[in-house]
Amino acid sequence: MDSVFTRIIRGELPAYFVWRDDQVVAFLSKSPYSTGHTLVVPRLEVDHWIDLEPALLRRIMTVSQEVGKAIQQAFNPAKVGMLIGGLEVRHVHVHLSPVNSVHDFDYDRQQLSPVPESLEQAARKIRAALVELGHASVVPGDD
């Protein structure tokens, strides 16, 4: 059975994409820790990050770093935190989230029903920052 992320990547489920290339995509979390919380996901469905081919892991980390720079530019947090959890969806994904305290990655603080307009606005800000950083070729239009 395909993961929810595979279904999102195929366009079967909605998402606010900020990055699309032939190996990796990035889209906003539907249950964000904070505004701008983005998931970086390989197109290839792999359950555990330690099982990724080294080249794909490097690509995921490179994209995570570039998207992280865009999040930093768009929201100006103290840091952009990174987390590889993988228990909630069995498809490798990197969480990137603006953080200002150690509590900002607390699962209990997730917004379970964010306003779609706020996700849309956050995605636009990240896309604009990615374009400014020279990544226009992988930035999708508004979803």
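What you see is a predicted model, and the numbers here were worked out from it, not measured in a lab.

Colleague: Explain the sheet that holds strand β1 (residues 17-20) here, please?
Modeller: In sheet architecture, strand pairing relies on hydrogen bonds along the backbone and comes in two forms, parallel and antiparallel. What the 5 strands build is an open sheet, ordered β1-β2-β3-β5-β4; its pairing is antiparallel. Two strands lie at the open edges of the sheet, namely β1 and β4 (79-83), each paired on one side alone. In this sheet, neighbouring strand axes are inclined to one another by 20° on average, regardless of whether the strands run parallel or antiparallel. Sheet strands touched by helix α2 (residues 54-75): β1, β2 (24-28), β3 (38-42), β4 and β5 (94-99). Its angle to β5, the strand with the most contacts, is close to 20°.

Colleague: I'm lost on the nonpolar core in this one. Help?
Modeller: One broad trend across soluble globular proteins is that nonpolar side chains are buried collectively. Judged by nonpolar contacts, the single largest core of 26 residues is most densely connected at V18, W19, L28, V40, I60, V67 and L130. Elements supplying a minimum of two residues to this core: β1, β2, α2, β5 and α3 (116-132). Dropping the residues within four chain positions of it, L28 is found in contact with Y16, V18, H37, T38, L119, A122, A123 and I126. Membership of the second largest hydrophobic core comes to 10 residues, among which are I8, A15, L39 and V41.

Colleague: Could you clarify how one ought to interpret the pattern of salt bridges in this entry?
Modeller: Two side chains carrying opposite charge are able to pair once their charged atoms lie near each other. For the structure on display, the rule yields 7 salt bridges. Among the ionic pairs, D47 bridges to R90, the shortest N-O distance being 2.8 Å. Placement of D47 in the loop between β3 and α2 and of R90 in the loop between β4 and β5 is noted, with a sequence separation of 43 residues between them. Classification of R90 as exposed rests on a relative accessible area of 55%. The shortest N-O distance in the salt bridge between E66 and K69 comes to 3.2 Å.

Colleague: What should I look at first to understand a nonpolar patch on the surface in this one?
Modeller: On the surface, W49, I50 and I84 cluster together into a nonpolar patch covering about 280 Å² of accessible area. Checked against the element boundaries, I50 lands in the loop between β3 and α2. On the accessibility criterion, I50 (55% relative accessible area) is exposed.

Colleague: For this particular structure, what's the right way to read the packing of α2 against α3?
Modeller: What describes two packed helices is the angle between their axes and the distance between those same axes. At a minimum axis separation of 8 Å, α2 and α3 run at an interaxial angle of 115°. By the criterion of interaxial angle, the relationship of α2 to α3 is roughly perpendicular. The way α2 lies across α3 gives a crossing that is right-handed. Across the interface between the two elements, E66, V67, A70, I71, Q73, A74 and F75 from α2 touch A122, K125, I126, A129, L130 and E132 from α3. Across the contact of α2 with α3, the residue classes tally to 9 nonpolar, 1 polar and 3 charged.

Colleague: Whenever I open this one, the layout of surface pockets confuses me. Can you help?
Modeller: In this approach, a probe sized like a water molecule rolls over the atoms, and the result shows the empty space that is left. The computed volume of the largest pocket comes to approximately 450 Å³. Considering the residues around the largest pocket, the lining is formed by 22 residues, among which F5, S29, K30, S31 and L39 are closest to the centre. By residue number, the principal contributor to the lining of the largest pocket is helix α1 (residues 4-9), which donates 3 residues. Tallied by class, the residues present in the lining of the largest pocket amount to 15 nonpolar, 5 polar and 2 charged.

Colleague: Please explain the packing of aromatic side chains as it appears in this structure.
Modeller: The geometry of an aromatic ring pair is captured by two quantities: the separation of the ring centres and the angle between the planes. Following the criterion strictly, the structure yields 2 aromatic pairs and no others. Aromatic side chains F5 and F27 sit 5.6 Å apart centroid to centroid with 65° between the ring planes, which places their arrangement in the edge-to-face category. Taken together, the residues span a long stretch of sequence, with F5 in helix α1 and F27 in strand β2 at a distance of 22 residues. We note that F5, like F27, is buried. Arranged with centres 5.4 Å apart and planes meeting at 65°, the rings of F17 and F27 form a pair that is edge-to-face. Taken as a pair, F17 in strand β1 and F27 in strand β2 lie far apart in primary sequence, 10 residues in all. Pair check on accessibility: F17 and F27 agree, each one buried. The ring of F17 is capped by R20, whose NZ or CZ atom sits 3.9 Å from the centre of that ring.

Scoring rules and cut-offs
Residues numbered from 1 in each chain as written. Predicted model: local features only at pLDDT ≥ 70, side-chain atom pairs only at ≥ 80, totals over all residues. Heavy atoms only, no water. Pairing = 2+ DSSP bridges. Helix = DSSP H or I, 4+ residues; strand = E, 2+ residues; numbered from the N terminus. Axes fitted to C-alpha atoms, helices over the stretch in contact; angles between N-to-C directions. Contact = heavy atoms within 4.5 Å. Core = buried A, V, L, I, M, F, W, Y, C linked by side-chain atoms within 4.5 Å. Buried < 20%, exposed > 50% of the residue type's maximum accessible area, 1.4 Å probe, protein only. Salt bridge = Lys/Arg side-chain N within 4 Å of Asp/Glu carboxyl O. Patch = residues over 30% accessible without salt bridge, like charges linked within 9 Å, V, L, I, M, F, W, Y side chains within 5 Å. Areas by Shrake-Rupley, 256 points an atom, 1.4 Å probe, with all protein chains shown as cover. Parallel < 35°, antiparallel > 145°, perpendicular 65-115°, else oblique. Left-handed = near helix turned anticlockwise from the far one by under 90°. Nonpolar A, V, L, I, M, F, W, Y, C, P; charged D, E, K, R; others polar. 1 Å grid on protein atoms, 1.4 Å probe; cavity = no way out; pocket = protein on both sides within 12 Å on 5 of 7 lines; lining within 4 Å. Points joined across faces, edges and corners; volume = space filled by probe spheres on them. Phe/Tyr/Trp six-rings, centres within 6.5 Å; stacked < 30°, edge-to-face > 60°. Lys NZ or Arg CZ within 6 Å of the ring centre and 35° of its normal.

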